[in-house]
Amino acid sequence: MGFLSTLLGIFGFGIGTSIGLLIGFFLFIYSKPKTVKMKPKVLRYRVKSDMMVNSQQETGFLEPVPRLLYELDNDQLLDILPDIPLWVKCPDYERVDWLNKFVADMWPYLDKAICAQIRSATKPMFAEYVGKYQIEAIEFDNLSLGTIPPEIHGLKVCETNEKELVLEPAVRWAGNPNIVLTLKLLSFRITIQLVDLQIFMAPRITLKPLVPTFPCFATVAVSLLGKPDVDFGMSILGGDIMAIPGLYQFVQKTIKRQVASLYIWPQALEIPILDPATVAVKKPVGILHVKVVRAQKLLKKDILGTSDPYVKLNLSGERLPSKKTTIKKRNLNPEWNEKFKLIVKDPGSQVLQLQVFDWDKVGNHDRLGMQFVPLKFLTPYETKEFKLDLLKHTDSYDPQDKKQRGKIVVELMYAPFRADSGKLDGTQDGYSRKESGFDRTSDSEVFGGAGLLSVLIQGAEDVEGERHNNPYAVVFFRGETKRTKMIKRTRDPVWNEEFHYMLEEPPLNEKIHIEVMSKRTGFSFRSKEHLGNVDINLTDVVHNGRINQKYHLIDSKNGVIHVAIKWVTA
């Protein structure tokens, strides 16, 4: 009986369930819905930035009621907070609907251009694996980013003291890409498809350095301010492998970790835009120590059968005044033993030019001979002596010129700057930008040795004169006076002029004085006008290696000058 009752129970359950489902289906299809009146209440919330009002129909039904943010409780705010754009939550971010419209219109063309770059970039990567692990081929069957463009939820522009422009957009992309990768393995064809891609990231885009060549920046550096949120599905041979328990979390964690290790700030992906050779401004990289020892058997240029020689020396590619030795009167075998220091910017291509002249009281000085030494022949920190035959010209060989012009002896030593010179160790005031990842240079490395002090006068703001505004800057240091060019009719001049000072020791406890002046272009008894000045203590420059700040000008109402100073040692 027990077995029979069990069998009848199972049979009855099956028959009853089937009949119940059949009756429910017919009732669902053929029954008519009845109007149900509900008590007035808020069904859901919508957030708008405009003024919102409640609306209720006379029939008793309620439309979704827009509500102001301050009317919502904590739970309701938490539900909608992730969907609110950053320009609503953070005042530093600006609304950029125009940029989203631009991206949407350009997206079909951007899609093809980006996909072409992906194909060209991945082709050599795939080629490395072909022939290994029984892999016959790896290629894209389909590669498209879809029809839905990314959306920028806000954009922040950051100001720095460097020659760069920093943008921080907040990007969300819920796209419909069609990316199918085919892997041929042991004559089998394996297809891998990426579906349902969603990305949220906050990148930092730096356009640097700013240069006077279109598009006015040489490199785009992209880094991430935090780990990106990436969600996607992956189908292999038609099956979603992300459904495997634990695999989805593992892939998410791995992607975030790998991306963070490569591109989280301060690390960045740099994309060159312009050829560095066309826009790069060469910076000093070392010091050339020159000792002019002597000359022998020079030509006779004076009536009495002697000469008054001196040597002029300079580096090719420089517009700085040439260095000169003293004049040795009535001497064809002069001994100088004089030392000079020259700033080197490109030791691979620069040449030391040596010219020996005969000094005359009246008229031009006669050139007795010349010679040159390429710096690429020098070994860093190694002193080398050169005995050179003086020539009439160095650009070409003249077989008709067989006159002996004598010899010159020089000692040369090239000392490149230290790799850790010129590093910033923090901020100096509210105007300066902090650099990370650098340690303060030790006193033993700082206090000693020759070096180069570079002073870059970038520009000024809100400098105003009573009679005219044609500003220029004047730099006073150790008895030397150097000035920038004059910019006419402006209160915000941009000079970007750099001055160099070769020093035998660090400028500790010294100051550099900078004045901003204005000069009338026409004739006037009061042609010059003082617009402000500042004294900069160089002790911080020596310790930190570099400062880049804006200074308020003394004797100026709102004037500010932007100065970058660097100290490097050889």
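Higher on the page you've got the structure.
Rules behind the numbers
- Residues numbered from 1 in each chain as written.
- Predicted model: local features only at pLDDT ≥ 70, side-chain atom pairs only at ≥ 80, totals over all residues.
- Heavy atoms only, no water.
- Helix = DSSP H or I, 4+ residues; strand = E, 2+ residues; numbered from the N terminus.
- Buried < 20%, exposed > 50% of the residue type's maximum accessible area, 1.4 Å probe, protein only.
- Bend = angle between axes of the 7 residues up to and from the residue.
- Contact = heavy atoms within 4.5 Å.
- Pairing = 2+ DSSP bridges.
- Axes fitted to C-alpha atoms, helices over the stretch in contact; angles between N-to-C directions.
- Phe/Tyr/Trp six-rings, centres within 6.5 Å; stacked < 30°, edge-to-face > 60°.
- Lys NZ or Arg CZ within 6 Å of the ring centre and 35° of its normal.
- Expected span 1.5 Å × (residues − 1).
- Arc of directions from axis to C-beta.
- Patch = residues over 30% accessible without salt bridge, like charges linked within 9 Å, V, L, I, M, F, W, Y side chains within 5 Å.
- Areas by Shrake-Rupley, 256 points an atom, 1.4 Å probe, with all protein chains shown as cover.
- Salt bridge = Lys/Arg side-chain N within 4 Å of Asp/Glu carboxyl O.

Caption draft 1: Expanded view of the overall build of the protein. Across its full length, the protein holds 8 helices and 28 strands. Within the span of the protein, comprising 570 residues, buried residues form 37% of the whole.

Caption draft 2: Up close: helix H4 (residues 97-129). If you look at H4, its biggest bend is around 60°, right at Trp107, and the proline Pro108 turns up within four residues after that. Among all positions in H4, only Leu99, Asn100, Val103, Trp107, Asp111, Cys115, Thr122 and Phe126 are buried. Contacts made by the buried residues of H4 are with strand E3 (135-144), strand E4 (151-158), strand E5 (165-174) and strand E6 (178-185). Immediately beyond the C-terminal end of H4, within one or two residues, lies Gly131, with a positive phi of roughly 95°.

Caption draft 3: Quick peek at the sheet that holds strand E22 (residues 471-477). The antiparallel open sheet is built from 4 strands, whose spatial order is E23-E22-E25-E26. The strands lining the two open edges of the sheet, one partner per strand, are strand E23 (480-483) and strand E26 (528-537). Shown here is a sheet whose adjacent strand axes are inclined to one another by a mean of 20°, direction ignored. For strand E25 (residues 511-519) and E26, the ladder comprises 9 bridges, and the chain directions are antiparallel. What sits directly across from His513, in E26, is Asp535.

Caption draft 4: Main features of the environment of Ile192. For Ile192, the position within the fold is in strand E7 (residues 188-201). What makes Ile192 partly exposed here is its relative accessible area of 24%. On a C-alpha basis, the gap between Ile192 and Gly239 in space is 9.5 Å, while along the polypeptide they are 47 residues apart. Once residues lying within four places of it in the same chain are set aside, the contact partners of Ile192 are Ile179, Val180, Leu181, Met234, Ser235 and Ile236.

Caption draft 5: How the structure looks around the packing of aromatic side chains. One pass over the full model with this rule turns up 4 aromatic pairs. Where Tyr310 meets Phe357, the ring centres are 5.8 Å apart and the plane angle is 20°; that geometry is what we call stacked. Here Tyr310, found in strand E14 (residues 309-315), pairs with Phe357, found in strand E17 (residues 351-358); they are 47 residues apart in sequence, far enough to count as distant. You'll find Tyr310 and Phe357 in the same group, each marked buried. Just above the ring of Phe357 sits the side chain of Lys312; from NZ or CZ to the centre is 5.0 Å.

Caption draft 6: Examining helix H5 (residues 247-263) more closely. Between the first and last C-alpha of H5 there are 24 Å, a value that for 17 residues agrees with the 24 Å anticipated at 1.5 Å per step. Within H5, the full set of buried residues consists of Val251, Gln252 and Ala260. Down the axis of H5, the buried side of the element spans an arc of 155°, and every buried residue falls inside it. In H5, the exposed positions angled more than 90 degrees off the buried face are occupied by Phe250 and Lys253. Turning to H5, the residues buried within the fold contact strand E10 (229-236).

Caption draft 7: The arrangement of a nonpolar patch on the surface in detail. Taken together, the side chains of Phe102, Met106 and Tyr109 present a nonpolar region at the surface, about 340 Å² in accessible area. Tracing the backbone through its elements, the reader meets Met106 in helix H4. Judged by relative accessible area, which is 31%, Met106 ranks as partly exposed.

Caption draft 8: How the structure looks around the pattern of salt bridges. One pass over the structure, following the stated rule, counts 18 salt bridges. One salt bridge in this structure joins Glu162 and Arg546, with 2.7 Å as the shortest N-O distance. Of the two residues, Glu162 sits in the loop between E4 and E5 while Arg546 sits in strand E27 (residues 546-552), which places them 384 residues apart along the sequence. With a shortest N-O distance of 4.0 Å, Arg467 and Glu466 are connected by a salt bridge. A single network of salt bridges, built from pairs that share partners, joins Lys156, Glu168 and Arg204.

Caption draft 9: Up close: unusual backbone geometry. Cis geometry is found at the peptide bond from Lys208 to Pro209, where omega equals -25°. Within the secondary structure layout, Pro209 lies in strand E8 (residues 203-210). Residue Pro215 is reached from Phe214 by a cis peptide bond, and omega for that bond is 10°. Residue placement: Pro215 occurs in the loop between E8 and strand E9 (217-224). With a phi angle near 75°, Cys216 is a residue other than glycine that sits in the positive phi range. With respect to the helices, strands and loops of the structure, Cys216 is situated in the loop between E8 and E9.

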